[in-house]
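Coordinate analysis (summary)
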Amino acid sequence: RQAEDAARKEAEEAARNADQERKAREAEEAAKQAAAEAAHKAEEDRKAREAEVAAKEKAAEEAARRLEEAASKADEATRKFEETANKAAQDTVHQAEEERKAREAEETTKKEVAEEAAHKLAQAARKADEATRKFEETAKKTAESSARQAEEERRAR
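Notes on the structure follow. (Residues numbered from 1 in each chain as written. Predicted model: local features only at pLDDT ≥ 70, side-chain atom pairs only at ≥ 80, totals over all residues. Heavy atoms only, no water.)

**Quick look at the overall build of the protein chain**
Put simply, the test is: Only DSSP runs of H or I with at least four residues qualify as helices, and only runs of E with at least two residues qualify as strands; both kinds are numbered from the N terminus onward. Restricting the calculation to C-alpha atoms gives the radius of gyration, and the globule rule supplies 2.2 Å times the number of residues raised to the power 0.38. Categorising residues by exposure relies on relative accessible area from a 1.4 Å probe, with only protein chains included: less than 20% of the type maximum marks a residue as buried, more than 50% marks it as exposed, and the intermediate range marks it as partly exposed. Any pair of residues with heavy atoms lying within 4.5 Å of one another is described as a contacting pair.
Counting its regular elements, the protein chain contains two helices and zero strands. Relative to the compact-globule value of 15 Å for 157 residues, the protein chain shows a C-alpha radius of gyration of 44 Å, a clear excess of over 25%. Taking the principal axes of the C-alpha coordinates as reference, the protein chain spans close to 155 × 15 × 15 Å. Taken over 157 residues, the protein chain has a buried fraction of 6%. Counting contacts in the protein chain only where the partners sit at least 6 residues apart, residues at least 24 apart contribute 74% of the total.

Pasting the structure below:
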C-alpha cells in the first residue's frame, strides 16, 4: 500500500508539474501574442501619423497653389482693368477732342457743348475712381482672405 501511495503521489506530482508546464507555455504564448499585437498596433499608429502628416503637407501645398492662383487672377484683373481704364481715358480724350471741334464749328452752342463735355468727363472720372476703389477693396479682401486661409492651414500643420 505504501508503494501504491508513493506511486500515486508521484503520479499526482507529475500531473501537477505537467499542468504547470502547460500553463507556463500558455502564458508564454499569450505574452508573445500580446507583444505581436502591440507591435502591430504601434505600426498601424505610425502609419496613421505618417498619413496625417502627408495629408497636411498636401493640404498646405494645395493652399499655396490656390493662393498663387488667386494672386495671378488678381494680377490679370488689374491688368485688364488698367487696359479698360486706359481705353476709357483715350476714348474720353478723343470724345473731348471731337466736342472741342464741334464747339469751334458751332459758335452759337459753344458754351452748352463745353459744359456737357466737362460734365461727361467728370462723370467718367468719377466712374473710373469708383471702379478703381471697388477693385482695390476687392483685391485687398481677396489677399487678406487668402493670407488668413494660408495662416490657418499653416497653424493646422
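Right, picking up where we left off after that structure.
**Points about the packing of aromatic side chains**
How we decide: Any Phe, Tyr or Trp ring, taking Trp's six-membered ring, that has another such ring centre within 6.5 Å forms a pair; planes under 30 degrees apart are called stacked, those over 60 apart edge-to-face, and the others tilted.
Scanning the entire structure with this criterion turns up one aromatic pair. Taken together, a centroid distance of 5.7 Å and an interplanar angle of 5° make the contact between Phe-81 and Phe-135 stacked. Of this pair, Phe-81 sits in helix α1 (residues 2–105) while Phe-135 sits in helix α2 (residues 110–156), placing them 54 residues apart in sequence.

**What about the pattern of salt bridges?**
Quick reminder of the rule: Only one rule defines a salt bridge in this text: a Lys or Arg side-chain nitrogen within 4 Å of an Asp or Glu carboxyl oxygen.
Tallied over the entire structure, the rule returns 25 salt bridges. We note a salt bridge from Arg-8 to Glu-12, for which the minimum N-O separation is 3.6 Å. Placement of the pair is Arg-8 and Glu-12 together in helix α1, with a separation of four residues, close to one helical turn. On the basis of relative accessible area, Glu-12 is assigned to the partly exposed category, the value being 38%. One salt-bridge network, held together by shared partners, links Asp-19, Arg-22, Lys-23 and Glu-26.

**Comments concerning the side chain of Ser-146**
Within the secondary structure, Ser-146 is located in helix α2. Note on Ser-146: relative accessible area 13%, which makes it buried. Leave out the neighbours within four places in its chain, and Ser-146 touches Leu-67 and Ala-70.

**Regarding α1**
Selection criterion: For a helix, the expected span equals 1.5 Å multiplied by the residue count minus one.
The end-to-end C-alpha separation of α1 is 151 Å, in line with the 154 Å expected for 104 residues at 1.5 Å each. Within α1, the full set of buried residues consists of Ala-60, Ala-63, Ala-70, Thr-92, Glu-99 and Arg-103.

**As for the environment of Glu-99**
Among the structural elements, Glu-99 can be located in helix α1. Remark: the alpha-carbon pair of Glu-99 and Gln-2, spanning 97 residues in sequence, is separated by 142 Å.

**Focus on the environment of Asp-5**
Worth spelling out the cut-off: As used in this structure description, the phrase polar contact means that two N or O atoms lie within 3.5 Å; if the pair is within protein, one of them must be able to donate a hydrogen and the other to accept it, and residues adjacent in sequence are counted only when both atoms belong to side chains.
Along the chain, Asp-5 falls in helix α1. A polar contact is formed between the side chain of Asp-5 and the side chain of Arg-8, at a distance of 3.0 Å.

So far we have only geometry, and geometry alone does not tell us how the molecule works.
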